[in-house]
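One-letter residues, chain by chain:
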Amino acid sequence: MTHIDAGAELDPVHPVPVPERAKGLTGEEVAERVARGEVNDVPVRSSRSLTEIVRANVFTRFNAIIGVLWLIMLFVAPIQDSLFGFVIIANTGIGIIQEWRAKKTLDSLAVIGESRPTVRRDGAATEIATSGIVLGDLIEIGPGDKIVVDGTCAESDGLEIDESLLTGEADPVVKRSGDTVMSGSFVVAGGGAFTATKVGREAYAAQLAEEASRFTLVHSELRSGISTILKYVQWMMIPTAIGLVISQLFVKEHGFKDSVARTVGGIVPMVPEGLVLLTSVAFAIGVIRLGRQQCLVQELPAIEGLARVDTVCLDKTGTLTEGGMDVAGLRPLDGADEGHVRKVLGALGASDPRPNASLQAVIDAYPDEAGWRRTHALPFSSARKYSGAAFSEGDGAESAWLLGAPDVLLPDGHPALAETDDLNKQGLRVLLLARVDGDLENPEITRGAEPAALVVLEQRLRPDAADTLRYFAEQDVRAKVVSGDNAVSVGAVAGKLGLDGAENTVDARNLPTDHAEMADALDAGTVFGRVTPQQKRDMVGALQAHGHTVAMTGDGVNDVLALKDADIGVSMGSGSEATRAVAQIVLLNNSFATLPSVVAEGRRVIGNITRVATLFLVKTVYSVILALLVVCCQVEYPFLPRHLTLLSTLTIGVPAFFLALAPNKERAKPHFVKRVMRYAIPGGAVAGLATFAMYMIARHSYTGDGALDAETSSATLTLFLISMWVLAIIARPYTWWRVCLVAAMGAGFLLVLVVPWLQDFFALKLVGTAMPWTAVGVAVVAAAVLELLWKWVGRRGPV
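Computed from a prediction, not measured in an experiment: that's the story for all the values here. (Residues numbered from 1 in each chain as written. Predicted model: local features only at pLDDT ≥ 70, side-chain atom pairs only at ≥ 80, totals over all residues. Heavy atoms only, no water.)

K.L.:
Give a description of the packing of aromatic side chains that names residues and reports values.
P.N.:
Within this structure, the stated rule accounts for 7 aromatic pairs. Each ring, one from Phe657 and one from Phe658, has its centre 6.1 Å from the other, and the planes form 90°; the classification is edge-to-face. Residue Phe657 is classed as partly exposed on the basis of its relative accessible area, which comes to 31%. Taking relative accessible area as the criterion, Phe658 reaches 45% and is therefore assigned partly exposed. (Phe/Tyr/Trp six-rings, centres within 6.5 Å; stacked < 30°, edge-to-face > 60°. Buried < 20%, exposed > 50% of the residue type's maximum accessible area, 1.4 Å probe, protein only.)

K.L.:
Go over the nonpolar core, please, and point to the residues and values.
P.N.:
Formed by 135 residues in total, the largest nonpolar core has its most connected members in Leu306, Ile585 and Phe749. For Ile585, the contacting residues outside a window of four places in its chain are Cys295, Leu296, Ala302, Leu306, Ile568, Gly569, Val570, Ser571 and Val598. With 24 residues, the next largest nonpolar core counts Leu511, Met518, Ala562 and Val582 among its residues. (Core = buried A, V, L, I, M, F, W, Y, C linked by side-chain atoms within 4.5 Å. Contact = heavy atoms within 4.5 Å.)

K.L.:
Account for unusual backbone geometry, with residues named and values stated.
P.N.:
Pro733 follows Arg732 through a cis peptide bond whose omega is -5°. Among the structural elements, Pro733 can be located in the loop between helix 24 (707-730) and helix 25 (736-754). A positive phi angle is found at Gln294, which is not glycine, with a value near 60°. When you line up the elements, Gln294 lands in the loop between helix 9 (273-291) and strand 10 (295-297). Backbone geometry at Arg530 places phi at a positive 55°, although glycine is not the residue there. In this fold, Arg530 is placed in the loop between strand 20 (527-529) and helix 18 (533-545). (Helix = DSSP H or I, 4+ residues; strand = E, 2+ residues; numbered from the N terminus.)

K.L.:
Quick one: what's the story with the sheet that holds strand 20, residue by residue and with numbers?
P.N.:
Strand order in the open sheet formed by 8 strands is 10-23-22-21-11-18-20-19, with mixed pairing between adjacent strands. If you trace the sheet from one side to the other, it starts and ends with strand 10 and strand 19 (505-507), each paired once. The sheet shows a mean angle of 20° between the axes of neighbouring strands, taken without regard to direction. Where strand 19 lies against strand 20, 3 bridges are found, and the strand directions are parallel. The partner of Thr505 across the bridge, within strand 20, is Val527. Each of strand 11 (311-314), strand 18 (478-482), strand 20 and strand 21 (550-554) is contacted by helix 18, which is oriented at about 160° to strand 21, the strand it contacts most. (Pairing = 2+ DSSP bridges. Axes fitted to C-alpha atoms, helices over the stretch in contact; angles between N-to-C directions.)

K.L.:
Can you break down the pairing of strand 9 (residues 186-198) residue by residue, with the values?
P.N.:
Of all 13 residues in strand 9, 10 are buried; the element is thus mostly enclosed. Pairing between strand 6 (residues 150-162) and strand 9: 10 bridges, direction antiparallel. Following the sheet pairing, Glu160 is matched in strand 9 by Ala189.

K.L.:
An account of the pairing of strand 18 is requested, with residue identities and associated values reported.
P.N.:
With 4 of its 5 residues buried, strand 18 lies for the most part within the structure. Here strand 11 runs beside strand 18; their pairing, made up of 4 bridges, is parallel. Looking at the pairing, Thr311 lines up with Arg478 of strand 18. Relative to strand 20, strand 18 is paired through 2 bridges, and the arrangement is parallel. Its bridge partner lying in strand 20, Val481 is registered against Val527.

K.L.:
Got a sec to walk through the side chain of Lys536? Specific residues and values, please.
P.N.:
For Lys536, the location among the structural elements is in helix 18. Accessibility expressed as a relative area gives 2% for Lys536, which makes it buried. If we ignore the near neighbours within four places in the chain, the residues touching Lys536 are Asp315, Val482, Val531, Met552, Asn558, Asp559 and Ala562.

K.L.:
Residues and numbers for helix 9, please.
P.N.:
Relative to the 27 Å expected for 19 residues at 1.5 Å per residue, helix 9 spans 28 Å between its end C-alpha atoms, a close match to the ideal helical length. The buried fraction of helix 9 amounts to 16 of the 19 residues, a majority that puts the element mostly inside the structure. (Expected span 1.5 Å × (residues − 1).)

Written out as structure tokens, the structure is:
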């Protein structure tokens, strides 16, 4: 423990005396180190660079395939048959622009949420950017601060550092002068300062994170599912395309160029290229939308993850209540003198350079007027639930005091606990001031504590908390309040906010240690008090072991371990630097009410991508089936590229874009690939078989010049009508705009059929009346079969 001598100099920021020797670097020394390059120059990669964005969107396997086919078509066919290439260019451009917008949003928010460590230079404490630290800087640290570079402890005032994120060791490590501190760890109690010995890429945490990038779609079930689908498509596509090329080269009744065009027309629709684009665009727009609400998504899959959450663990302080508190009353105990109690409280407040919310309320109510000299201090710790200090009082008397949770400092059955319970039931927070004898750091110091007074604190409820809890209840997301405070007090606060089950309070000290038993207790209870940081972590793990997807919110250093282990960690912007560092989502506006928007955005992305993925993969399946049937029957492929470009635009491309950005409140479900494919395979099979059947019927009906064009037109009409029915099913449940969307796509195709120059442009002209009406009849039968098949698949239950 650091002992301060009477001749020490005062720090201009904190009232705690600072030794004469610890003034930090001078301005000249800083300039010398900057000139030598001894600076903390690790780049903060909050997003991909523009070059990486362009490369990721342009240089894809399927873009390469489409690009080669496009170049071929530019030489052998009219420009109408090359439209698919221009569509790919437009799609890629949209993807780049949206991701660039998302990057700018992320970068601007990252600057707002960036930590600013306090360094001491020329004896003055100043906040600077992390990149401004130089080798040898003296950096001040306190509870919740993250160690940003490696160093050696220079000052320690009860300094305890949690290195679990680096070493896996859960217990905080006490640091004294001369001890090593590692970047990536964080302060849980006490304060002090350390000298930077390794900066930039040499720091331990920087070496671990050198290849990390926050803006990424990896570790996402949705993204990995789409990759799996594309891998299957690729292996299906290659042999099918080879067979189609060979067969069409031998079926050249209408010329080589026409055969090549129809070959390309068979290969291009097998590629679900728009699916990757829409996924990227949907995520990017999600980032932009949330960014406008001051919500920083540090890891993109967090949008998806929060959509899958079914349990959210809420820390009371800073989440349900605002950070500040007010002293509502002081109740002396056992005849203690109230005037002396006020002096003690004032001295305790003045002794802590970084008070928490409770102590700040005490400081505001009882300013230090006694001027006692602090001889020893014990910083507040979430694990201990109390803080303390020893003083040399003005008259020469020595005294030591603890301030903390009454049910921790007092034995069971003490009369003061009954009064505490009554206050807790009113939603008030109660601290006990007790006098003790002995070493403050002794774990048994609470034995024999003499209670002096109860300090009653009134917590400020967040005005938006009740509505947010109501939203979670409506969305079938269970809320669990997990707090280090007294369970009854926390339950009363939750009850005021209308949380269902708030009366089911549990003292976490009575929770079983076995994960399975703990999970059962967590399922039964709603409000948990006196939870230690390690217990919060264990509770998250127990819920996950029971199959729950868990989100954890918090703003204090005691929440870090649980935030890290939860499926989704959500931190307040005003929270400690350590919580912001490990959380995937940071609410920069400190508004709990932003959470529903994040959940809704995630559900919108996942639910809608699942919808539109079915559209894209139905096209892939029917394209493969058509190609296989053409190869087996040795006939010309029924479509030119322009026909399928028209169909894809009207039945997939345009509607998918609107459907992907539509509201969707359904909770995301697992097994993305199976859920999509079990609808896409039967849908594509019905469309492919029905279209080929109509094509063969038309081949036996039309003869002479122009027969192939007439056959193609009949087949195109059939495929369009079936695809429209697939779209109509995907668009359910109907709203006015969904109905208008489907109707507009149908009107677009009708326009092509009735406007002469569009007929010529797309080579679509229905001949006679028998075959067009036959095409309608085949499409109606196929639509009925499709409806029955999908209902049967739906009745089989979830995957």
